[in-house]
Protein chains: 4
Amino acid sequence: MSNIAFIGLGNMGGPMAINLVKKGHHVIGFDLSHSASEALIAAGGQTSDSAITAAKDADVVISMLPSGKHVAELYSEEFISQLKPDTLIIDSSTIDAVTARSVAQMAASKGCKMIDAPVSGGTAGAQAGTLTFIVGGPTKDYEKARPILKCMGQNIFHAGDSGAGQVAKICNNMLLAIHMIGTSEAINLGVRHGLEPKILSEIMQKSSGRNWSLEVYNPYPGVMENAPSSRAYSGGFAVDLMTKDLGLAAEAGLETRTSTPLGNAALNLYRIWSEAGNGTSDFSSIIQFLNKHQ
Amino acid sequence: MSNIAFIGLGNMGGPMAINLVKKGHHVIGFDLSHSASEALIAAGGQTSDSAITAAKDADVVISMLPSGKHVAELYSEEFISQLKPDTLIIDSSTIDAVTARSVAQMAASKGCKMIDAPVSGGTAGAQAGTLTFIVGGPTKDYEKARPILKCMGQNIFHAGDSGAGQVAKICNNMLLAIHMIGTSEAINLGVRHGLEPKILSEIMQKSSGRNWSLEVYNPYPGVMENAPSSRAYSGGFAVDLMTKDLGLAAEAGLETRTSTPLGNAALNLYRIWSEAGNGTSDFSSIIQFLNKHQ
Amino acid sequence: MSNIAFIGLGNMGGPMAINLVKKGHHVIGFDLSHSASEALIAAGGQTSDSAITAAKDADVVISMLPSGKHVAELYSEEFISQLKPDTLIIDSSTIDAVTARSVAQMAASKGCKMIDAPVSGGTAGAQAGTLTFIVGGPTKDYEKARPILKCMGQNIFHAGDSGAGQVAKICNNMLLAIHMIGTSEAINLGVRHGLEPKILSEIMQKSSGRNWSLEVYNPYPGVMENAPSSRAYSGGFAVDLMTKDLGLAAEAGLETRTSTPLGNAALNLYRIWSEAGNGTSDFSSIIQFLNKHQ
Amino acid sequence: MSNIAFIGLGNMGGPMAINLVKKGHHVIGFDLSHSASEALIAAGGQTSDSAITAAKDADVVISMLPSGKHVAELYSEEFISQLKPDTLIIDSSTIDAVTARSVAQMAASKGCKMIDAPVSGGTAGAQAGTLTFIVGGPTKDYEKARPILKCMGQNIFHAGDSGAGQVAKICNNMLLAIHMIGTSEAINLGVRHGLEPKILSEIMQKSSGRNWSLEVYNPYPGVMENAPSSRAYSGGFAVDLMTKDLGLAAEAGLETRTSTPLGNAALNLYRIWSEAGNGTSDFSSIIQFLNKHQ
């Protein structure tokens, strides 16, 4: 069992830290919010009043923060210098690959190992311990992190070197946004021509239109009882989070001069939908943006 | 066993007619091309020197033609009037729903039944008898057609009333085009950031990016041995056919004032790629349009 | 002075007919709406209780109708057959070129001349007699129509043969929509980076960004006192009319397999904005769609 | 007359420096390329073997460099510290506003004044001394720079505070790309419907489609004798430069979360066109991308 410092105990980080406690790890958490810290204590963990106090004696430091800026600020040279040699740092925030790589490089220069390990699966996955982790970093560090990640998730992928976890995640989420919008367009088009959304969805799911949105997350209300579309687009993965990920994808495209016409179109559609006041709705609500009569 | 007239014995219609012969039906085919007719004769069918001669004593008339214009020209009032009462017409061409509905209505007014039953599965599916049929028309006529269609295909879907088969097919193909382009963008983006296309594809296929293009038709050369991308985009489903279907989808969108931003974007990308001289390549070659270094 | 029948006395047709009366022509109007007819009478014109009664003794028949369907219905073979030989028909409706050409061809076969002469300039231009007419048809007919059109408009262009007036108008309006959205994007981007919208607009108008939207129709509130943007986007050219024209452009693109990626994108943006409840606002309100904080 | 250091004597910077010499200024240039330096000497200027040697006694330092990275590298703290107090730095490179602002801020902290003054007008404008300068920085510094800029250009705009010159320029160029593509789409659409490109262009230029591309830079071959389209798209403003500017615009959009659907679409279209081997053609060649039959 390891001594684990967990920085960032929000909607995602909180339940993840608690799952580590449940599996027998010794977890010291840190978060600026008091109530977040209390939930961890209630579950049998400990908390600290600063990130460095939590981290300085840890074998493993895990962070779950809102943006690249926060990650870069946490992992200052000063912070890294105070860690034990060989500490394994796992950053599970979703951030840009450039920041991920540059922090990892700096950590390595100070004798620490750092991998990027962004997740998918949302708050439900964080609570159930069924998250997907997509890891970027040296194979040796990935192997070392794997049993820890297994306490919090189900599927653990190794995408490649440092930063590759971030890249793979935003590639995936860009593709998800595209087929969610595409699925919405196709169902809207069929419905306006008199087809039943459920029948059309089944036909496409058994044909070459098949995709995850049709399979488990149908955007049309009433087609799938358990999808956010059948509970007024509450819960699920928020429009604002999808917009953030599409922004990271656009940034990654600019860095490498990659053409992503549909990815960029998806970003603009989600951004406009967010600014119209729908940022906290589930991202499948984009079908309503395209057809307000849904 | 039925007397079946088969109009249009091209790359798709030819093998379909032969499969009917193999299942014991009595098939009289018609095609303007001599060589097309000869293949049917060689397989044990008959041919005729005009469409109406082939059709006038048939129980079932099947057509497989290039466009709505051809379908409307074939099924003139004069033609329909010469058929036996209660003849079942199955049009398997991919055409616009408006033409499909108007021809079906006219046929009904003359005592015939007509369903639209466009296919997917390509020439390979036509030969192997594993096509997918998506049917629009009254349930009774769909039930009557089903055993005939089963001789030529595997999955037979009933999408709804007259025209619904056409609508469902173009909805499906529009969605297919969108996730093929999206998949291409995502893989390109990952590869330019140093990821292995195969590893990235596997991660996305096991995550929420999952879709048919990743599953069976990966556009990146070398990732899937049997995909067109691994044989220089030969065979498969041609760029020109996808462009045609996206045009039908755009038309269907205009008729019903449906917003299809990604569907329209896909149409323009495929059209430009076609005009640049790639019309006969497989449609997954769009990844090369987005990144010529593939 | 001519005997002129004027079919369609709405917001556009009404004032146009009155301008013909003012210039001394003998005008008999027809409209299903009573109040529309009364305005023409008050101005010194006459009205009739059917289109054919108004038209049968006319030298010139002018129509201003909402869509191609209405135009095709009005100009039936029966209607045309009752006109005097050599009657000049001027259709000023904005419709698709295919309908325009087919009606003109039929009229010619019955001994009448028909030109398409769609307008721009809106209701203000119709009242002031400053419309722009874009004419398609033989030069001889264009020359004959010119003095009549001059009574209602300022600029009269001859775009080419039958249908060319419609094509040129929708090309123009598609381009207008594109630079209006582009102008909105550019100003939004500058403003969010702290620039003054007025200063930025002036710089672009004096540079290569120059266009009609910047010159006379700035979409940003307060930059131009007389633009619709400075009166809450009331008056002007409605979002729904722009959406209609962009639909005609998309149709014209499908017919000729022309790639119009930005034109199609503009159609979808305007359609979504219209469906969100903004159909009657001026089309420059699209800047609010892109940035609700305007 | 001032002592001016000019860093970067390429296709743009070279002729600009020479124009300063012609107006009587004392110019010391620096460029890594020998031949570039020689042209300045031939025109009566001087050169130096390092940037700092050229700049350390100058009243004014002007730079014309390919990217933000080069600008940030040139204006290091060490470099700025060696300049005379109150030196006016004019950076005419086209770079991102973030870099422009951060370098200006650092320069100010060391007692120098720095403005961003990107240009438009291309190499022809640089040679003729007719460039447009768009300046960002304090009014006092703008006023001081104005007479210097007037030696190299015609229109000098003050867009706002530090960075505003860069923002205004990329807003303008994004809008230019959009109306160039829109103009190309409109002309292609008309031509495919049988219209004369010249007549259609004139009609739109006199109507609400009016824009700079139609006015002085018609993309259709043969319409304008002096436009790049009439000399096989040679000369002019290269596709690669437009792609670069659209990338800067996309970056500026990401920073401020501004929706730029057409701007992003333009970026992807230009990038694909560039990767297909057309990077050095004039940017109006995009009409060929949309319609290879041009």
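Just so it is clear, the structure is predicted and the values come from calculations on it, not from any experiment. (Residues numbered from 1 in each chain as written. Chains lettered and ligands numbered in written order. Predicted model: local features only at pLDDT ≥ 70, side-chain atom pairs only at ≥ 80, totals over all residues. Heavy atoms only, no water.)

## Some points on the interface of chain B and chain A
Contacts between the two partners involve 57 residues from chain B, matched on the other side by 57 residues from chain A. Summed over both partners, the interface of chain B with chain A comes to about 4,900 Å²; 68% of that surface belongs to carbon and sulfur atoms. Here chain B is connected to chain A by two salt bridges. Here Arg 210 of chain A and Glu 215 of chain B are joined by a salt bridge, their closest N and O atoms 2.9 Å apart. The set of elements that each furnish at least two residues to the side of chain B that touches chain A consists of β8 (131-136), β9 (153-160), α9 (164-192), α10 (197-205), α11 (212-216), α12 (239-256) and α13 (261-278) of chain B. (Contact = heavy atoms within 4.5 Å. Buried area = accessible area lost by both parts, 1.4 Å probe. Salt bridge = Lys/Arg side-chain N within 4 Å of Asp/Glu carboxyl O. Helix = DSSP H or I, 4+ residues; strand = E, 2+ residues; numbered from the N terminus.)

## Structural notes on the packing of helix α9 (residues 164-192) of chain A against helix α12 (residues 239-256) of chain A
All names here are of chain A. Interaxial distance between α9 and α12 falls to 9 Å at its minimum, and their mutual angle equals 120°. Remark: the crossing between α9 and α12 carries left-handed chirality. Of α12, the residues touching α9 (which contributes Lys 169, Ile 170, Asn 173, Met 174, Leu 176 and Ala 177) are Met 242, Asp 245, Leu 246, Leu 248, Ala 249 and Ala 252. Class assignment for the residues of the contact of α9 with α12 results in nine nonpolar, one polar and two charged. (Axes fitted to C-alpha atoms, helices over the stretch in contact; angles between N-to-C directions. Left-handed = near helix turned anticlockwise from the far one by under 90°. Nonpolar A, V, L, I, M, F, W, Y, C, P; charged D, E, K, R; others polar.)

## Concerning the interface of chain C and chain D
Listed by partner, the interface residues are 57 residues for chain C and 57 residues for chain D. Taking both partners together, chain C and chain D bury about 4,900 Å²; carbon and sulfur atoms supply 68% of that area. Counting across the interface, chain C meets chain D through two salt bridges. Viewed at the interface, chain D and chain C are joined by 21 residue pairs in polar contact (both at pLDDT 80 or more). Of all elements in the fold, only β8 (131-136), β9 (153-160), α9 (164-192), α10 (197-205), α11 (212-216), α12 (239-256) and α13 (261-278) of chain C reach the threshold of two or more residues within the side of chain C that touches chain D. In the side of chain C that touches chain D, the residues fall into 29 nonpolar, 20 polar and eight charged. (Polar contact = N/O pair within 3.5 Å; in protein donor to acceptor, adjacent residues only side chain to side chain.)

## Brief notes about the pairing of strand β2 (residues 26-30) of chain A
Residue and element names in this part refer to chain A. With five bridges joining them, strand β1 (residues 3-7) and β2 adopt parallel strand pairing. Within β2, the position partnered with Ile 4 by the bridge is Val 27. You can see the chain leave β1, run along helix α1 (residues 13-22) and come back into β2, and the turn it takes is right-handed. Pairing of β2 with strand β3 (residues 46-47), which is carried by two bridges, proceeds in the parallel orientation. The residue of β3 that forms the bridge with Ile 28 is Gln 46. (Pairing = 2+ DSSP bridges. Right-handed = clockwise from strand over helix to strand, strands pointing away.)

## Notes on the relation of the copies chain B and chain A
With an RMSD of 0.1 Å, the operation that places chain B on chain A is a rotation of 180° combined with a shift of 0.0 Å along the axis. Considering both components of the superposition, the chain copies are consistent with a two-fold axis. In terms of proximity to the rotation axis, the leading residue of chain B is Asn 211 of chain B, whose C-alpha is 1.9 Å off the axis. Both copies share a contact surface, since 100% of the interface residues of chain B are interface residues in chain A too. (Least-squares fit on C-alpha atoms with pLDDT ≥ 70 in both.)

## Let's talk about the UniProt feature "domain: 3-hydroxyisobutyrate dehydrogenase-like NAD-binding" (unreviewed entry) in chain A
Annotation from UniProt places "domain: 3-hydroxyisobutyrate dehydrogenase-like NAD-binding" (unreviewed entry) at residues 163-289 of chain A. Across residues 163-289 of chain A, helical content stands at 65% and strand content at 0%; the span's end C-alpha atoms are separated by 34 Å. (UniProt positions renumbered as here; feature names shortened; annotations may be inferred.)

## Observations regarding the packing of aromatic side chains
Following the criterion strictly, the structure yields 22 aromatic pairs over all chains and no others. Between Phe 237 of chain A and Phe 283 of chain A, the ring centres sit 5.7 Å apart and the planes meet at 75°, which makes this aromatic pair edge-to-face. Here Phe 283 of chain A lies in the loop between α13 (261-278) and α14 (286-290) and Phe 237 of chain A lies in the loop between α11 (212-216) and α12, a separation of 46 residues in the sequence. Since its relative accessible area comes to 21%, Phe 237 of chain A is described here as partly exposed. Geometrically, the ring pair formed by Tyr 217 of chain B and Phe 283 of chain B is tilted, given 5.3 Å between the ring centres and 40° between the ring planes. Pair noted here: Tyr 217 of chain B is in the loop between α11 and α12 and Phe 283 of chain B is in the loop between α13 and α14 (286-290), with a separation of 66 residues, a long-range link. With respect to burial, Tyr 217 of chain B and Phe 283 of chain B carry one shared label: buried. Among the aromatic residues, ring-to-ring pairing joins Trp 212, Tyr 217, Phe 237 and Phe 283 of chain A into one connected group. (Phe/Tyr/Trp six-rings, centres within 6.5 Å; stacked < 30°, edge-to-face > 60°. Buried < 20%, exposed > 50% of the residue type's maximum accessible area, 1.4 Å probe, protein only.)

## Observations concerning helix α10 (residues 197-205) of chain A
Restricting attention to buried positions, one finds in α10 of chain A the residues Pro 197, Leu 200, Ser 201, Ile 203, Met 204 and Gln 205 of chain A. Structurally, α10 of chain A contributes buried residues whose contacts are with α9 and α11 of chain A together with β8, β9 and α9 of chain B.

## Re the UniProt feature "domain: 6-phosphogluconate dehydrogenase NADP-binding" (unreviewed entry) in chain A
In the UniProt entry, the feature "domain: 6-phosphogluconate dehydrogenase NADP-binding" (unreviewed entry) is given for residues 3-160 of chain A. Secondary structure across residues 3-160 of chain A divides into 43% helix and 25% strand, with the first and last C-alpha atoms of the span separated by 26 Å.

## Description of the domain arrangement of chain A
All names here are of chain A. Domain boundaries assigned for chain A yield domain 1 (3-161) and domain 2 (167-290). Counting residues at the interface gives 11 residues for domain 1, matched by eight residues for domain 2. For the pairing of domain 1 and domain 2, the buried interface totals around 770 Å² over both sides, and the portion due to carbon and sulfur atoms is 63%. Inspection of the domain 1/domain 2 interface yields zero salt bridges. (Domains from an automatic or database assignment.)

## So, the environment of Thr 123 of chain D
Residue and element names in this part refer to chain D. Mapping Thr 123 onto the fold places it in helix α7 (residues 122-128). The spacing of Thr 123 and Pro 138 is 15 residues in sequence and 28 Å in space, taken between C-alpha atoms. When neighbours within four sequence positions are excluded, Thr 123 is seen to be in contact with Asn 11 and Met 12.

## What about the relation of the copies chain C and chain D?
The transform that puts chain C on chain D rotates by 180° and translates by 0.0 Å along the axis, for an RMSD of 0.0 Å. Of the residues that chain C buries at the interface, 100% are likewise interface residues in chain D, meaning the two copies contact each other through the same surface.

## Concerning the environment of Ser 259 of chain D
Note that Ser 259 of chain D resides in the loop between α12 (239-256) and α13 (261-278). A relative accessible area of 0% means that Ser 259 of chain D is categorised as buried. Beyond its immediate stretch of four places on either side in the chain, Ser 259 of chain D contacts Asn 268, Arg 271 and Ile 272 of chain A together with Glu 185 and Leu 290 of chain C.

## Brief notes about unusual backbone geometry
Within the chain, Asp 86 of chain B stands out as a residue other than glycine whose phi angle is a positive 75°. By the element assignment, Asp 86 of chain B lies in the loop between α5 (77-81) and β5 (88-91). Within the chain, Arg 257 of chain C stands out as a residue other than glycine whose phi angle is a positive 55°. Position of Arg 257 of chain C among the secondary structure elements: in the loop between α12 and α13. Take Arg 257 of chain C: its relative accessible area is 61%, and that puts it in the exposed class.

## As for the side chain of Ser 48 of chain D
Residue and element names in this part refer to chain D. Summarising the element assignment, Ser 48 is placed in the loop between β3 (46-47) and α3 (51-55). The exposure class of Ser 48 is buried, given its relative accessible area of 15%. Within the structure, the side chain of Ser 48 is placed 3.4 Å from the backbone nitrogen of Ala 54, a separation counted as a polar contact. Filtering out sequence-adjacent residues up to four positions away, Ser 48 remains in contact with Ile 28, Gly 29, Phe 30, Thr 53 and Ala 54.

## Some details on the environment of Val 223 of chain C
Residues and elements named next belong to chain C. Residue position: Val 223 is located in the loop between α11 and α12. The class for Val 223 is buried, based on a relative accessible area of 11%. Along the sequence, Val 223 and Ile 199 sit 24 residues apart, while their C-alpha atoms lie 9.1 Å from each other. If we ignore the near neighbours within four places in the chain, the residues touching Val 223 are Pro 197, Lys 198, Ser 201, Asn 218 and Ser 230.

## Some words on a negative patch on the surface
Taken together, Glu 251 and Glu 255 of chain A together with Glu 251 and Glu 255 of chain D make up a surface patch of like negative charges. For Glu 251 of chain A, the location among the structural elements is in helix α12. For Glu 251 of chain A, a relative accessible area of 31% puts it in the partly exposed group. (Patch = residues over 30% accessible without salt bridge, like charges linked within 9 Å, V, L, I, M, F, W, Y side chains within 5 Å. Areas by Shrake-Rupley, 256 points an atom, 1.4 Å probe, with all protein chains shown as cover. Lys, Arg positive; Asp, Glu negative; His and termini not counted. Charge placed at Lys NZ, Arg CZ, Asp CG, Glu CD.)

## Topic: the packing of α12 of chain D against α13 of chain D
To characterise two packed helices, one gives the angle between the axes of the helices and the distance between these axes. Residue and element names in this part refer to chain D. Relative orientation of the contacting elements α12 and α13 amounts to 145°, with a least axis distance of 9 Å. As α12 runs across α13, the sense of the crossing is left-handed. Two secondary-structure elements touch here, α12 through Val 239, Asp 240, Met 242, Thr 243, Leu 246, Gly 247 and Ala 250 and α13 through Gly 263, Asn 264, Ala 266, Leu 267, Tyr 270, Arg 271, Trp 273, Ser 274 and Asn 278. Per-class residue counts for the contact of α12 with α13 are eight nonpolar, six polar and two charged.

## With respect to α9 of chain C
Residue and element names in this part refer to chain C. The terminal C-alpha atoms of α9, which comprises 29 residues, lie 42 Å apart, in line with the 42 Å expected from a rise of 1.5 Å per residue. Of all 29 residues in α9, 27 are buried, a share of seventy percent or more. Where α9 terminates, the next one or two residues include Gly 194, which has phi positive at roughly 95°. (Expected span 1.5 Å × (residues − 1).)

## Some details on the pairing of strand β1 (residues 3-7) of chain B
All names here are of chain B. The element β1 is largely enclosed, with a buried count of four among its five residues. Two elements, β1 and strand β4 (residues 60-63), share four bridges in a ladder whose sense is parallel. By the bridge assignment, Ile 7 is partnered in β4 with Ser 63.

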